[in-house]
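So the chains spell out like this:
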Amino acid sequence: MRDIRIVGGRPLHGSISIQGSKNAALPMMAASLLHRGVSVLKGCPRIADVFCMEEILRELGAVTWWEDHDLYMDCTLADKTEISGIYTGKMRSSVILLGAMLGRSRKGRLGYPGGCVIGERPIDLHLYALRQLGADIEEGPFLISASCDRLTGGEISFAKCSVGATEQGILAAVLARGDTCLKNCAREPEIQWLCRYLRTMGACIEGEGSDCIRITGVEGLEHGEMEVPPDRIVAGTYICAAAATRGTIIIENPPVDELDAFLEVYRKMGGQYKLKSGKLIADSSGIGYPLSFLETEVYPGFPTDLQSPVMAVLTTISGESYIREQIFEDRYKAAVELNRMGADITVEGRDARIIGGSSLRGCTVTAQELRGGAALVLAALAAEGVTRVQGYQYIRRGYEHICEDLNTLGGMLEKDTGIRLYESIQLPKKLIN
């Protein structure tokens, strides 16, 4: 297990560009399977989840290659229809490939999806959407099998908003016969980017960004090409890093339209921000106000993926703050580790009370999932002394260069390979055991 060693107590300052969006790239990669030819995603993040999806496409017969951060996918011969649980167990979003395989080959089998352990994330809405379009589905102890003569358009009304299930319905419907209406859809930006990407391929879609998406199936799709947008969660994480250390940073390529709910919370904590020449300047020198109540919600509400990073910031603010996690019932795993650093967090069910203001102290902590791991890194930046964050494999699922990026802003972080070789910066010799 690789870990990150962090020297705290240094306010962050400087400029940074944000990597491509993980949550936008993955469904676009799945959509590329629907074209029997080459598609390209420009500015694609080179992160563990993208590499896992790339391996899945290869297992199906695709040929992939990189040119810097441009990912090329030749799906001409990607006609295999079974995905091993070795891959799907690593990443939950792999389940959306089932709709793509049905659209392309009219059958598909895959192992049950995995990913971060942050609560129950059933796939019943995914399977409901496929069944509504005419798929026959068998659920075995280890594999899900689906088949159809050809998917046929229909009405899909989701019992609750689900990003993954909405993406599943879209991917299955674009090559289905006739019209499909998806109701109570999730409205996240990643869904809007997926629809835009599919339109570059010739899909007939309208209504993304609303709770009703209408799709008219087409006979085939052309090649896709799109620039992956900057990752709104990474942008929010880095602003939280500045907030935890009371620094000021400039984001060169901010996804501003996707950050409204987060920036409002940042403002309530005392942060100030402005747009200038297309850049976002986030000044955290005034951070110091607790949050009386913060609730995660589906988009356009406050994103669950930024709940843990904000919690890390709140541990540095005097007073009581309260968070209610409405999306995932087990997303407070980072709280126990933050308490090891000197935080005072009490969790009861979906609610967390944070009594902030105590000095955080460096120690060894363990990441158990992606965003909670990022939160531990932020707390370490604000802590006194040296912190070792174990479980880097979770963090690299969504952050391409978290150490290098934060070092650019003045942090002191290094990745430990386990054999005493360090990959990012040379710390002063007195800090290396």
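Residues numbered from 1 in each chain as written. Predicted model: local features only at pLDDT ≥ 70, side-chain atom pairs only at ≥ 80, totals over all residues. Heavy atoms only, no water.

Description of the state of the cysteines
So the rule is basically this: Cysteine sulfur pairs qualify as disulfides if the two atoms are within 2.5 Å. Partly exposed residues are those whose accessible area sits between 20% and 50% of the maximum for their type, while under 20% is buried and over 50% is exposed, using a 1.4 Å probe and protein chains only.
Enumeration according to the criterion identifies zero disulfides in this entry. Here cysteine 195 stays unpaired: no disulfide links it, and the sulfur of cysteine 185, its closest cysteine neighbor, is 8.4 Å away. The class of cysteine 195 is buried, set by a relative accessible area of 0%.

Description of helix 6 (residues 163-173)
Which entries qualify depends on this criterion: Strands are runs of DSSP state E lasting at least two residues, helices are runs of H or I lasting at least four, and both sets are numbered from the N terminus onward.
Burial analysis of helix 6 places 10 of its 11 residues in the buried class, the great majority of the element. For helix 6, the set of buried residues is Gly164, Ala165, Thr166, Glu167, Gln168, Gly169, Ile170, Leu171, Ala172 and Ala173.

Digging into helix 4 (residues 97-105)
For helix 4, a buried count of eight out of nine residues is recorded, marking the element as mostly surrounded by other parts of the structure. Where helix 4 is concerned, the buried positions are Leu97, Leu98, Gly99, Ala100, Met101, Leu102, Gly103 and Arg104. Note on helix 4: the residue one or two positions beyond its end, arginine 106, has a positive phi of about 70°.

Quick look at the confidence of the model for the chain
Basically, it comes down to this: Scored from 0 to 100, pLDDT reflects the predictor's confidence in each residue. The contact definition used throughout considers only heavy atoms, calling two residues in contact when any of these lie within 4.5 Å.
Taken as a whole, the chain shows an average pLDDT of 93; of its residues, 94% reach a score of 70 or greater. Low pLDDT, under 50, characterises residues 115-120; the stretch is placed with 20 contacts to residues that sit more than four places away or in other chains.

Concerning the pattern of salt bridges
To keep things clear, this is the line we draw: Think of a salt bridge as a Lys or Arg side-chain nitrogen and an Asp or Glu carboxyl oxygen that are within 4 Å of each other.
Scanning all chains against the criterion turns up 23 salt bridges. With its nearest N and O atoms 3.4 Å apart, the salt bridge here joins lysine 183 to glutamate 155. With lysine 183 in strand 11 (residues 179-183) and glutamate 155 in strand 10 (residues 155-157), the pair connects residues that are 28 residues apart, well separated along the chain. Under the relative-accessibility criterion, lysine 183 is labelled partly exposed at 32%. The salt bridge partner of arginine 371 is aspartate 305, with a shortest N-O separation of 3.9 Å. In this pair, arginine 371 is assigned in helix 12 (residues 370-382) and aspartate 305 in the loop between strand 18 (294-295) and helix 10 (307-314), connecting sequence segments 66 residues apart. Taken individually, arginine 371 and aspartate 305 each receive the classification buried, so the pair is uniform in this respect. The network of salt bridges with common partners includes Lys22, Asp49 and Arg397.

Some details on the sheet that holds strand 16 (residues 272-276)
Note the cut-off: Strand pairing is assigned whenever DSSP detects at least two bridges linking the two strands. Axes here mean lines fitted to C-alpha atoms, for a helix over just the part in contact, with angles spanning 0 to 180 degrees between N-to-C directions.
Read across the open sheet, the four strands follow the order 2-15-17-16; overall the sheet is mixed. Looking at which strands have only one partner, the edges of the open sheet turn out to be strand 2 (13-16) and strand 16. On average, adjacent strands in this sheet sit at an angle of 15° to one another, irrespective of strand direction. Judged from the five bridges that link them, strand 16 and strand 17 (residues 279-283) form a sheet pairing that is antiparallel. Residue pairing across strands places glutamine 272 opposite aspartate 283, the latter belonging to strand 17.

Some thoughts on the packing of aromatic side chains
The line we're drawing: To pair, rings of Phe, Tyr and Trp, with the six-membered ring standing in for Trp, must have centres within 6.5 Å; the planes then decide the type, stacked if under 30 degrees apart, edge-to-face if over 60, and tilted in the middle. Charge-over-ring contacts are defined here by two conditions on Lys NZ or Arg CZ: a distance within 6 Å of the ring centre and an angle within 35 degrees of the ring normal.
Taken as a whole, this structure holds five aromatic pairs when the rule is applied. Both rings, one in tyrosine 128 and one in phenylalanine 158, keep their centres 6.4 Å apart while their planes meet at 70°; by these two values the pair is edge-to-face. In this pair, tyrosine 128 is assigned in helix 5 (residues 124-132) and phenylalanine 158 in the loop between strand 10 and helix 6, connecting sequence segments 30 residues apart. A relative accessible area of 3% places phenylalanine 158 in the buried class. A centroid spacing of 6.4 Å and a plane angle of 20° characterise the contact between phenylalanine 262 and tyrosine 266, whose relative ring orientation is stacked. Remark: tyrosine 266 and phenylalanine 262 occur in helix 9 (residues 260-268); sequence separation between them is four residues, near one turn of the helix. Note on accessibility: phenylalanine 262 and tyrosine 266 belong to one class, buried. Positioned above the aromatic ring of tryptophan 193 is the side chain of arginine 196, whose terminal nitrogen or guanidinium carbon lies 4.5 Å from the ring centre.

As for the environment of lysine 183
Stated precisely, the cut-off is as follows: The definition of a polar contact used here is a pair of N or O atoms within 3.5 Å, where within protein one atom must be able to donate a hydrogen and the other to accept one, and adjacent residues in sequence count solely through side-chain atom pairs.
Note: C-alpha distance between lysine 183 and threonine 166 (17 residues apart in sequence) is 9.1 Å. When near neighbours in sequence (up to four residues on either side) are disregarded, lysine 183 contacts Glu155, Ile156, Ser157, Phe158 and Asp211. In terms of polar contacts, lysine 183 uses its side chain to reach the side chain of glutamate 155, at 3.4 Å.

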